[in-house]
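Structural overview for review
Now for the letters of each chain:
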Amino acid sequence: MNFKIDDELRKRLAGIRELGRTQIRPLGLEADRAGKPVDPDHPFYALLLKLGLGRTRWLGGELDAEQDATRSRVGSPPSGGERGHKAGPSLTGVLLSEELAYWDRGVAVSFPGPGLGEPPVLSMGTPEQKERFLARFREPDRPRWGSFAMTEPGAGSDVAAIRTSCKRDGDHWILDGDKSFAANASRADWIVVWATADTSLGRAGHRAFVVERDTPGLGDFKIEKKMGLKAYESTSFTLRHCRVPASHLLGGEATYSNQDGSRGAKRAGFKGALQSFNATRPMIGAMAVGIGRAALDEAAAFAREHDLGSDPRVRDRLERTRRKLRVARLLCWRAAWLADQQQPNIVEASMAKAHAPAAALDATLLGMELLGEVGARGDHLIEKLFRDVKAMDIVEGTGQIQHIVIARQLVGLPRE
Ligand SMILES: Cc1cc2nc3c(=O)[nH]c(=O)nc-3n(C[C@H](O)[C@H](O)[C@H](O)COP(=O)(O)OP(=O)(O)OC[C@H]3O[C@@H](n4cnc5c(N)ncnc54)[C@H](O)[C@@H]3O)c2cc1C
């Protein structure tokens, strides 16, 4: 493994650190106190665009073929032209994710860009679909967002249980259903919506559509209440007889052919979701490490200021926490590095996602316990980190679900 960071990436990380200290952390605290997401018109987002952030990873045009070839070999995100001594795009993403989340994970998720909607468009979309949905994120004229909506009120971990239906009607599909907890959905240009053509087929019936913001029948956006991560919106919405052009079915009709429930059915929609998770789980793990590191810094600073370091029990807990976070970070790096090397990373992605949020939760718990009543007052960063961190275990498949994925691989069972 090679985790070498070149000067350019080092500079980017230093830039994030400065932005984090001066803008991201204060904005996150402000949103937390106000109890509402950062406004989409906030000048911070325009600043991010000026800094070259809020863009797609899609290279576009002729480079698209190279991205496609890479993905089809490994089912992982594209590696673009960044190989050899440079950190690849997945490792770069993991490093930047950790640093951003160190300052504020909620603000980091609120960043403009195609977000969680990007991996399925990249892994399943036709060249025309990538052009149509991602090109606008290459040099965005204003902050723009994409979104990803799998979860429903009755379907979280068990994605086979989704009930949002899709029915073909001429050159359109009609979508009907309810979605919940989709990040940035109400401000998004488009949302990748997962629906089922036939509930009796389970995951084989899944299809993914890109639903544009102004599509009639898409509406009832409501921002969910959350215990933490308040700087970005998690949104519920409905699809009521929502007519989506057939050309918005990711990958096109042929991708989903042979879906009769028989052996050998392609299950392209579900596979697309899994590929997205292999790309994003190491990043979620890295974000958890970032939150955990912030909590450890608060705990260690408090221990120094209050002369708690002379107590071996305190030193022991600080040391354990640091060790667990370092292990978590290495798991995330390895999962990302494998993706960049075009090697399967299912188990490593799940290990990173299972371990890192648990280690980060321990770090925030240590902070709460060391700070005692200072932490419990409710106006200290440590208390916010304690509320923010739990979601890291939940999103993109809970810890328990990752254990199932790892165990099934271990005994040679297919993933679901
Ligand atoms: C802050 C936040 C942001 C989110 N963002 C998005 C988003 O952008 N897009 C999106 O589509 N969704 C999003 N989600 C939804 C998220 O993916 C789901 O919450 C998650 O999949 C868990 O589903 P659930 O909450 O329905 O819990 P459930 O699936 O009901 O699980 C409840 C508990 O049971 C456990 N459990 C379930 N099945 C098993 C099993 N077979 N074995 C052992 N234990 C099991 C789970 O681990 C969990 O502890 C978000 C959620 C949160 C909290």
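Residues numbered from 1 in each chain as written. Predicted model: local features only at pLDDT ≥ 70, side-chain atom pairs only at ≥ 80, totals over all residues. Heavy atoms only, no water.

**Here we look at the pattern of salt bridges**
This model, assessed by the stated rule, comprises 30 salt bridges. In this structure, glutamate 118 engages arginine 57 in a salt bridge whose closest nitrogen and oxygen atoms are separated by 3.1 Å. Taken as a pair, glutamate 118 in helix α5 (residues 118–124) and arginine 57 in the loop between α2 (43–50) and α3 (63–74) lie far apart in primary sequence, 61 residues in all. The partner of arginine 293 in a salt bridge is glutamate 98, and the shortest N-O contact between them spans 2.5 Å. Placement of arginine 293 in helix α7 (residues 268–305) and of glutamate 98 in helix α4 (residues 89–110) is noted, with a sequence separation of 195 residues between them. Sharing partners across several salt bridges, the network here consists of Arg136, Asp141, Arg142, Arg144, Asp189 and Glu212. (Salt bridge = Lys/Arg side-chain N within 4 Å of Asp/Glu carboxyl O. Helix = DSSP H or I, 4+ residues; strand = E, 2+ residues; numbered from the N terminus.)

**Brief notes about the site of the ligand**
Around the ligand, the structure places 19 residues, and the nearest of them are Thr151, Ser157, Phe181, Thr398 and Gln400. Alanine 183 places a main-chain nitrogen or oxygen 3.0 Å from an oxygen atom of the ligand. For the ligand, the protein covers 64% of the area, taking 980 Å² as the surface of the free molecule. Of all the secondary structure elements, the ones that give two or more residues to the shell around the ligand are β1 (146–149), β3 (172–183), α11 (381–394) and α12 (399–410). Shared between two domains, the shell around the ligand holds at least three residues of each, these being domain 2 (146–267) and domain 3 (269–410). (Near = heavy atom within 4 Å. Polar contact = N/O pair within 3.5 Å; in protein donor to acceptor, adjacent residues only side chain to side chain. Areas by Shrake-Rupley, 256 points an atom, 1.4 Å probe, with all protein chains shown as cover. Domains from an automatic or database assignment.)

**Concerning the confidence of the model for the protein**
One rule of thumb: low pLDDT means the predicted coordinates there are not for detailed reading. This prediction gives the protein a mean pLDDT of 90; 89% of its residues lie at or above 70. Considering only residues more than four positions removed or in separate chains, one finds that residues 69–84, a stretch of pLDDT under 50, has 38 contacts. When the criterion is pLDDT under 50, residues 259–265 qualifies, and its contacts beyond four places in sequence or with other chains add up to 13 contacts. (pLDDT = per-residue confidence, 0-100. Contact = heavy atoms within 4.5 Å.)

**Digging into a nonpolar patch on the surface**
Taken together, the side chains of Leu361, Leu365 and Phe386 present a nonpolar region at the surface, about 200 Å² in accessible area. Within the secondary structure layout, phenylalanine 386 lies in helix α11. (Patch = residues over 30% accessible without salt bridge, like charges linked within 9 Å, V, L, I, M, F, W, Y side chains within 5 Å.)

**Let's talk about the packing of helix α1 (residues 7–34) against α11**
Contact pair α1 / α11: the axes reach a minimum separation of 12 Å and the direction vectors enclose 75°. Here α1 lies roughly perpendicular to α11, going by the angle between them. Across the interface between the two elements, Arg25, Gly28, Leu29 and Asp32 from α1 touch Leu381, Lys384 and Arg387 from α11. For the contact of α1 with α11, the class distribution of residues is two nonpolar, one polar and four charged. (Axes fitted to C-alpha atoms, helices over the stretch in contact; angles between N-to-C directions. Parallel < 35°, antiparallel > 145°, perpendicular 65-115°, else oblique. Nonpolar A, V, L, I, M, F, W, Y, C, P; charged D, E, K, R; others polar.)

**Some details on the nonpolar core**
In this structure, Phe44, Leu175, Phe209, Val211, Phe237 and Leu318 are the most contacted members of the largest nonpolar core, which totals 102 residues. In contact with phenylalanine 209, not counting residues within four places along its chain, are Cys166, Trp173, Leu175, Ile191, Val192, Val193, Ala195, Val244, His248 and Leu249. (Core = buried A, V, L, I, M, F, W, Y, C linked by side-chain atoms within 4.5 Å. Buried < 20%, exposed > 50% of the residue type's maximum accessible area, 1.4 Å probe, protein only.)

**A word on α12**
When the terminal C-alpha atoms of α12 are compared, their 17 Å separation across twelve residues agrees well with the 16 Å that a helix rising 1.5 Å per residue should span. Those residues of α12 lying buried are Gly399, Gln402, Val405 and Ile406. Along the long axis of α12, the arc covered by the buried residues comes to 115°, so they all point the same way. Glycine 412 occupies a position one or two residues after α12 and carries a positive phi of about 80°. (Expected span 1.5 Å × (residues − 1). Arc of directions from axis to C-beta.)

**Things to note about unusual backbone geometry**
A positive phi angle, near 55°, is found at aspartate 220, a position not held by glycine. Relative to the assigned elements, aspartate 220 resides in strand β6 (residues 218–223). At aspartate 307, a residue that is not glycine, the phi angle is positive and equals roughly 55°. In this fold, aspartate 307 is placed in the loop between α7 and α8 (312–340).

**Brief notes about the pairing of β3**
Working note: regular strand, side chains alternate between the two faces of the sheet. Where strand β2 (residues 165–169) lies against β3, five bridges are found, and the strand directions are antiparallel. Paired with lysine 167 across the two strands is isoleucine 174, which belongs to β3. Here β2 hands over to β3 after two residues, with glycine 170 in that stretch at a positive phi of 65°. Examined bridge by bridge, β3 and strand β7 (residues 234–245) share nine bridges and lie antiparallel to one another. What sits directly across from alanine 182, in β7, is threonine 235. (Pairing = 2+ DSSP bridges.)

**Regarding α1**
Taking 1.5 Å as the rise per residue, α1 with 28 residues should run 40 Å; its terminal C-alpha atoms sit 38 Å apart, in good agreement. At glycine 20, α1 is deflected by roughly 55°, the largest bend along its length. Restricting attention to buried positions, one finds in α1 the residues Leu9, Leu13, Ile16, Leu19, Gly20, Ile24, Arg25, Leu27, Gly28, Leu29, Ala31 and Asp32. At the C-terminal side of α1, glycine 35 shows a positive phi close to 70°. (Bend = angle between axes of the 7 residues up to and from the residue.)

**Observations concerning the packing of α1 against α2**
Between α1 and α2, the least distance of the axes is 12 Å, while the angle of their chain directions is 150°. Classified by the interaxial angle, the pair formed by α1 and α2 is roughly antiparallel. Of the two possible hands of crossing, α1 and α2 adopt the one that is left-handed. Facing α1, whose interface residues are Leu19, Gln23, Ile24 and Leu27, α2 presents Phe44, Leu47 and Leu48. Residues belonging to the contact of α1 with α2 are distributed by class as follows: six nonpolar, one polar and no charged. (Left-handed = near helix turned anticlockwise from the far one by under 90°.)

**Focus on the packing of aromatic side chains**
Summed over all chains, the structure comprises ten aromatic pairs. Geometry around tyrosine 102 places arginine 25 over its ring, the cationic atom sitting 5.4 Å from the centre. A cation sits over an aromatic face here: arginine 138 above tryptophan 58, 5.6 Å from the ring centre. (Phe/Tyr/Trp six-rings, centres within 6.5 Å; stacked < 30°, edge-to-face > 60°. Lys NZ or Arg CZ within 6 Å of the ring centre and 35° of its normal.)

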